[in-house]
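So you can see what is in the structure, the chains are spelled out below.
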Amino acid sequence: MGKRLIPPEPMDVQEVALREALEERYLAYALSTIMHRALPDARDGLKPVHRRILYGMRLLRLDPGTPFKKSAKIVGDVMGSFHPHGDQSIYDALVRLAQDFSSRYPLVDGQGNFGNIDGDNPAAYRYTEARMTEVARLLLEGIDEDAVEFRPNYDGQSKEPFVLPGAFPNLLANGAQGIAVGMATSIPPHNAAELCDAALHLIDKPNTKSRGLLKYVKGPDFPTGGIVVDSHESIAEAYTTGRGSFRVRAKWAQEEGARGTWNIVVTEIPWLVQKSRLIERIAELLNEKKLLLVGDIRDESAEDVRIVIEPKSRNVDPEVLMETLFKQTELESKIPLNLNVLVKGRVPKVLGLGECLREWLDHLRDVLIRRSNYRKNQIEHRLEVLGGYLIAYLNLDKVIKIIRTEDEPKPVLIKTFKLTDLQADSILNMRLRNLRKLEEMEIRGEDKDLRNELKGIKGVLASEEEQWKKVAEGVKKVRDTFGPKTPLGKRRTQFADAPEHDLAAIEEALIEREPITVVVSEKGWVRTLKGHVEDLSNLAFKTDDRLGFAFFAESTSKLTLFASNGRFYTLDAQKLPGGRGHGDPIRMTIDMEGDANIVSMFVQKGGRKFLVASGDGQGFVVNEDDCVANTRKGKQVLNVTAPNEAVALATVSGDTVAVIGTNHKMVIFPLEQVPEMARGRGVRLQKYSGGKLSDVMTFIAKDGMTWKDSAGRDQSSTWKELADWRGNRADAGRLAHGFPKSNKFGKVIE
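Conventions we followed
- Residues numbered from 1 in each chain as written.
- Predicted model: local features only at pLDDT ≥ 70, side-chain atom pairs only at ≥ 80, totals over all residues.
- Heavy atoms only, no water.
- Helix = DSSP H or I, 4+ residues; strand = E, 2+ residues; numbered from the N terminus.
- Rg over C-alpha atoms; globule rule 2.2 N^0.38 Å.
- Contact = heavy atoms within 4.5 Å.
- Areas by Shrake-Rupley, 256 points an atom, 1.4 Å probe, with all protein chains shown as cover.
- Lys, Arg positive; Asp, Glu negative; His and termini not counted.
- Charge placed at Lys NZ, Arg CZ, Asp CG, Glu CD.
- Buried < 20%, exposed > 50% of the residue type's maximum accessible area, 1.4 Å probe, protein only.
- Pairing = 2+ DSSP bridges.
- Salt bridge = Lys/Arg side-chain N within 4 Å of Asp/Glu carboxyl O.
- 1 Å grid on protein atoms, 1.4 Å probe; cavity = no way out; pocket = protein on both sides within 12 Å on 5 of 7 lines; lining within 4 Å.
- Points joined across faces, edges and corners; volume = space filled by probe spheres on them.

**Considering the overall build of the protein chain**
Across its full length, the protein chain holds 17 helices and 35 strands. Taking 27 Å as the expected radius of gyration for a compact globule of 750 residues, we find that the protein chain reaches 41 Å, considerably beyond that expectation. Reported as C-alpha extents along the three principal axes, the dimensions of the protein chain are approximately 150 × 100 × 55 Å. A separation threshold of at least 6 residues defines the contact pool for the protein chain, and within that pool the share at least 24 residues apart is 68%. Accessible surface computed for the protein chain: about 39,300 Å², of which carbon and sulfur atoms make up 50%. Once the 109 positive and 107 negative side-chain charges of the protein chain are each reduced to a mean point, those two points are 2 Å apart.

Take a look at the structure:
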């Protein structure tokens with residue numbers, strides 16, 4: 001017989017709305033990332049992993065001056081007891097706390113290879129050893145005296161602190177970087193002595209705003225030095241709002257060599273920049289011929305940074321050379337400030353400088369009160385015990401008799417001498433050797449000292465003013481330990497104004513200057529040819545395309561394009577495609593509308609004036625400097641509404657205007673009748689009944705008018721010969737006999 005199949009039990013299926021489930025799970029993930037991983041606590045400036053590492057080292061008794069222990073031991077203990085998230089993440093955090101080029105005030109004293117500024121990896125944790133620094137000891141000071149709250153660890157087997165007592169201004173002194181969900185934090189390091197000065201000022205004058213603290217806190221203080229080149233106003237704004245950034249430049253000096261030669265020596269680089277990657281980048285730019293002023297670069301660093309940059313020739317301006325490097329490499333770095341922290345360990349919030357220091361000071365006061373209460377309870381407990389001892393000494397024989405004769409001496413002692421439970425226990429637990437006469441004197445002395453200490457503690461607990469005095473004492477002690485005269489406390493980052501240099505000279509220094517010919521086809525395809533090419537007859541174009549116009553320029557030139565939509569666009573010659581193939585559509589370089597065409601294109605020189613005109617005969621004079629566009633979208637100058645469009649542009653080089661229409665009628669009138677504007681529709685230049693404006697030009701009346709005929713030859717007419725066409729602006733004009741049938745004057749922009 002076959003086995004009888006037992007039908008499976010029906011599964012318990014629950015329907016859950018997908019959106020709600022996702023929202024709930026994503027919110028839980030986001031909160032976990034924000035609270036337990038990415039954002040530092042405003043009070044001790046630590047993220048959970050760093051706090052757990054320090055507390056784990058405390059339990060291993062790795063105080064400053066004690067023997068080192070293997071990093072593997074520390075990582076294992078921290079992972080097993082507090083941070084079950086993988087050994088590598090713990091070791092990476094430990095390493096960073098030990099790197100003096102990453103942390104301004106290292107919290108871990110490392111022995112062995114902990115990586116370097118070149119970006120080389122540290123040795124594995126089985127090879128390195130560590131212990132705490134004095135800064136870490138300060139952060140943990142008083143943790144055994146009920147200074148902070150504890151919570152159960154992840155498996156409930158032991159406890160870990162919510163926050164460290166934090167007697168050191170770690171949040172701002174060491175800074176923090178982190179990306180959570182929907183928010184990030186970026187806090188650069190600062191000088192601890194300056195922070196302590198600002199905190200002391202805040203204790204004296206609690207209402208001081210962030211801006212008022214800037215006379216103490218000048219700005220960031222990076223472990224790798226460097227120079228901050230921001231204005232005082234932008235630094236003040238960043239610290240007031242809690243958001244901003246700092247431009248940090250490498251520190252360099254000119255070093256004289258033999259026979260008039262010189263080199264540039266970089267001794268400090270911006271924070272978090274890998275030196276080897278920086279040098280590789282400069283070498284790459286050298287190979288690509290993008291650093292025309294630099295001859296060579298070499299790294300002569302040992303313990304200190306020393307990068308030597310040789311100029312191409314001794315005639316190079318060192319300031320301009322460095323500006324080109326700052327522009328193209330990480331020798332200048334932008335370091336963001338985003339003071340997004342967990343307030344009271346719960347609420348993520350962006351704080352200003354003053355609020356950050358206030359959070360720290362309030363925490364110090366809370367810690368002081370908790371430690372004072374703990375000490376008060378300890379003293380009261382000891383005084384109670386000492387009180388019992390004194391009763392025992394005064395009635396020693398009677399006490400001994402009760403202990404020897406009674407089966408249960410404790411209740412008899414309590415009843416006879418009116419003792420407390422604790423006093424009776426402490427008497428019964430006394431050692432025989434403590435019964436000597438001298439001990440009584442010591443107990444009385446200890447009792448007196450403890451009562452004096454208790455009086456002081458009660459005084460502190462009863463008075464807020466006394467509490468702030470005690471907090472200030474602690475802050476002053478930290479300030480003295482890390483003062484500006486100590487090697488660790490001395491300010492490393494300097495401040496300076498960014499030198500003002502001719503931007504054009506820097507731009508030119510970045511590009512090799514050589515002659516080029518810009519070729520534009522009728523369909524708007526652009527390319528550049530090397531050299532000034534006169535004969536373009538051999539150039540190939542796409543099937544239904546041909547040469548529109550061409551002009552000479554240089555690789556460093558800025559070009560101006562005037563389009564039929566009335567907009568001016570600014571282009572860099574070096575960004576245009578080379579001469580191979582048919583080039584690229586001009587629309588790949590600028591955001592020009594699909595139905596717009598090129599009216600004119602020329603080298604930007606500055607200072608000239610142009611006469612611009614639209615098809616319906618409107619126009620005005622505009623200064624070239626008002627035509628420079630700062631974005632790809634261009635700059636609207638001549639206002640036109642479809643179907644009307646911009647059709648002509650001429651350089652103003654005279655006192656008289658000639659306008660010709662598609663109806664072959666021409667009018668000549670004084671230039672002074674045309675207004676100069678920065679933007680607008682302009683005024684009527686010529687009136688049409690059946691046609692529109694075709695071309696404009698200007699000339700000097702007494703010299704006569706010159707134009708090009710259909711064969712490209714120069715033709716001219718004297719002022720007298722032009723008498724039939726002379727009139728006023730907005731005249732219809734007369735038929736232009738003897739002028740080109742194309743209705744174009746053939747003038748080029750110069």
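Next comes the rest of the account.
**Observations regarding the pairing of strand S21 (residues 558-563)**
Taken across its six residues, S21 has five buried, putting it largely inside the fold. Bridge count for S21 against strand S22 (residues 567-572) is five bridges, and the pairing is antiparallel. Looking at S22, one finds that Leu559 is bridged to Leu571. Connecting S21 to the next strand, S22, in antiparallel fashion are three residues, including Gly566 with a positive phi near 85°. Two elements, S21 and strand S24 (residues 598-603), share five bridges in a ladder whose sense is antiparallel. Its bridge partner lying in S24, Leu559 is registered against Val603.

**Structural notes on the pattern of salt bridges**
All told, the structure shown has 51 salt bridges when counted by the stated rule. Between Lys73 and Asp77 there is a salt bridge, with the nearest N and O atoms lying 3.8 Å from each other. Placement of the pair is Lys73 and Asp77 together in helix H3 (residues 71-81), with a separation of four residues, close to one helical turn. Residue Lys73 is classed as partly exposed on the basis of its relative accessible area, which comes to 40%. Relative accessible area serves as the criterion here: at 28%, Asp77 is assigned to the partly exposed category.

**Quick word on the sheet that holds strand S2 (residues 108-111)**
Pairing between the strands of a sheet is mediated by backbone hydrogen bonds and can be parallel or antiparallel. Strand order in the open sheet made by the three strands is S1-S3-S2, with antiparallel pairing throughout. Of all the strands in the sheet, just strand S1 (69-70) and S2 have a single pairing partner and so form its edges.

**Topic: empty space enclosed by the protein**
Over the atoms rolls a probe the size of a water molecule, and its path tells where empty space is left. Taken as a whole and assessed by the stated rule, the structure comprises one cavity of 30 Å³ or more. In this structure, the largest cavity spans a volume of roughly 60 Å³. Among the secondary structure elements, those contributing two or more residues to the lining of the largest cavity are helix H6 (170-174) and helix H11 (353-394).

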